[in-house]
Amino acid sequence: MTVVKSSGGDSDRLAAALALCSDAVIKDGEAVGDPTQCAVVNYAQSIGLEKEALEAEYPRLAEIPFDSERKMMTTVHSAPHGNIQYTTGAPDVIIARCGSCIRGGRVVPMSERMKQEALEENRRLAGMALRVIAAACREYREPVRQGAALSPKIENGMIYLGLVGMEDPIRDEVPDALQKCRSAGILTVMITGDHKITATAIAKKLGILKNENEAITGQELDKLTDEELEKNIRNYSVYARVAPEHKVRIVKAWQKQGEVVAMTGDGVNDSPALKQADIGCAMGIVGTDVAKEAADVILTDDNFATVVSAVEEGRRIYDNILKVIQFLLSSNIGEIVVLLLATLGTTLFAKW
């Protein structure tokens with residue numbers, strides 16, 4: 001995954017915010033960790049902002065980890081004139097919490113028109129099948145001790161810094177793997193935390209989505225009862241902006257339709273759905289320990305095509321077992337009949 005577009009008043013400050021507000025670490029000159037966080041750290045390094053140097057200048061004091069419900073992550077750092085807070089996450093959430101932005105090198109109030117412009121830029125980038133992240137900051141002089149618990153209230157009234165759009169190129173083997181799934185009678189659906197526009201753009205490229213009416217968001221899922229979701233589950237191919245509980249509901253709805261459900265995932269938020277699915281497949285490289293513990297299968301190469309190959313091999317083994325059983329029954333049925341008749345004849349002759 002790589003950053004291909006950025007939009008903000010100060011690209012250096014935007015890149016620094018994204019790098020500092022991430023848990024990716026540098027090992028042997030490369031970022032290691034969550035692919036999204038690695039992408040922003042690599043982006044910062046590409047414009048001359050080394051994460052190690054940034055952390056030395058702005059040591060992290062405290063944090064509010066990323067949460068799928070808040071859709072944000074916040075870190076507070078020591079700065080020369082006090083403390084500085086960086087918050088990154090879903091653009092629609094971040095922008096709504098900002099009260100100002102940077103224009104012409106100055107901090108100015110962020111009007112509703114400015115917010116709409118930022119949201120429109122988010123939609124434009126998402127329409128290019130890019131994963132978009134927004135960044136904001138806030139400065140204050142109140143002392144923050146190392147490891148202190150932070151109040152979510154600090155994530156209001158922030159200064160908007162900008163957006164970055166990241167591209168996660170579709171692997172060459174994935175379209176063929178999806179075509180094999182369709183020909184084998186396997187239905188593939190997409191469940192993601194990305195914006196609906198991003199999800200639908202990627203799904204169209206993969207051939208998963210034909211009609212935009214087949215895409216639904218987590219907010220729309222909340223309005224459906226379990227019975228309504230179960231009844232209409234076959235109408236949806238893409239689920240966007242979903243929370244962990246939504247993933248479990250989706251899996252259960254498919255299971256109630258009598259389907260055998262295989263679920264892939266890599267994060268802690270995926271573990272409930274991996275456990276609920278008939279076959280949970282965790283990613284072996286980027287997957288968390290929690291996801292691996294909850295899963296039935298671990299993919300050592302993090303490749304969707306491997307799942308398809310495993311299904312293909314499993315079906316081949318199943319067919320071979322059936323053939324062996326048929327061969328044994330057909331070749332031995334004569335022996336069974338002869339022995340049965342001989343035993344029956346001997347018994348009747350003895351009685352006679």
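Below: a short report on this structure. (Residues numbered from 1 in each chain as written. Predicted model: local features only at pLDDT ≥ 70, side-chain atom pairs only at ≥ 80, totals over all residues. Heavy atoms only, no water.)

### As for a negative patch on the surface
Stage number 1. Taken together, the side chains of D67, E69, D222 and E245 present a region of like negative charge at the surface.
Stage number 2. One can find D222 in helix α8 (residues 218-222).
Stage number 3. Since its relative accessible area comes to 53%, D222 is described here as exposed. (Patch = residues over 30% accessible without salt bridge, like charges linked within 9 Å, V, L, I, M, F, W, Y side chains within 5 Å. Areas by Shrake-Rupley, 256 points an atom, 1.4 Å probe, with all protein chains shown as cover. Salt bridge = Lys/Arg side-chain N within 4 Å of Asp/Glu carboxyl O. Lys, Arg positive; Asp, Glu negative; His and termini not counted. Charge placed at Lys NZ, Arg CZ, Asp CG, Glu CD. Helix = DSSP H or I, 4+ residues; strand = E, 2+ residues; numbered from the N terminus. Buried < 20%, exposed > 50% of the residue type's maximum accessible area, 1.4 Å probe, protein only.)

### A few points about the packing of aromatic side chains
Stage number 1. Taken as a whole, this structure holds one aromatic pair when the rule is applied.
Stage number 2. Note on Y236 and Y239: the rings are 6.3 Å apart at their centroids and 65° apart in plane angle, and the pair reads as edge-to-face. In terms of burial, Y236 and Y239 fall into one category: buried. (Phe/Tyr/Trp six-rings, centres within 6.5 Å; stacked < 30°, edge-to-face > 60°.)

### Here's the deal with helix α6 (residues 173-183)
Stage number 1. Restricting attention to buried positions, one finds in α6 the residues V174, A177, L178 and C181. Looking down the long axis of α6, one finds its buried residues gathered within 100° of arc, a one-sided arrangement. Opposite the buried face of α6, at more than 90 degrees from it, the exposed residues are D176 and S183.
Stage number 2. With its phi angle positive at about 80°, G185 sits one or two positions after the end of α6. (Arc of directions from axis to C-beta.)

### So, the sheet that holds strand β14 (residues 262-265)
Backbone hydrogen bonds hold the strands of a sheet together, and the pairing may be parallel or antiparallel.
Stage number 1. Pairing in this open sheet of three strands is parallel, and the strands run β14-β15-β16 from one edge to the other. This sheet does not close on itself; its edge strands, each paired only once, are β14 and β16 (297-299). Pairs of neighbouring strands in the sheet enclose a mean axial angle of 25°, with direction left out of account.
Stage number 2. In terms of strand pairing, strand β15 (residues 279-283) meets β16 through three bridges, oriented parallel. Across the sheet, residue A282 finds its bridge partner in β16, namely I298. (Pairing = 2+ DSSP bridges. Axes fitted to C-alpha atoms, helices over the stretch in contact; angles between N-to-C directions.)

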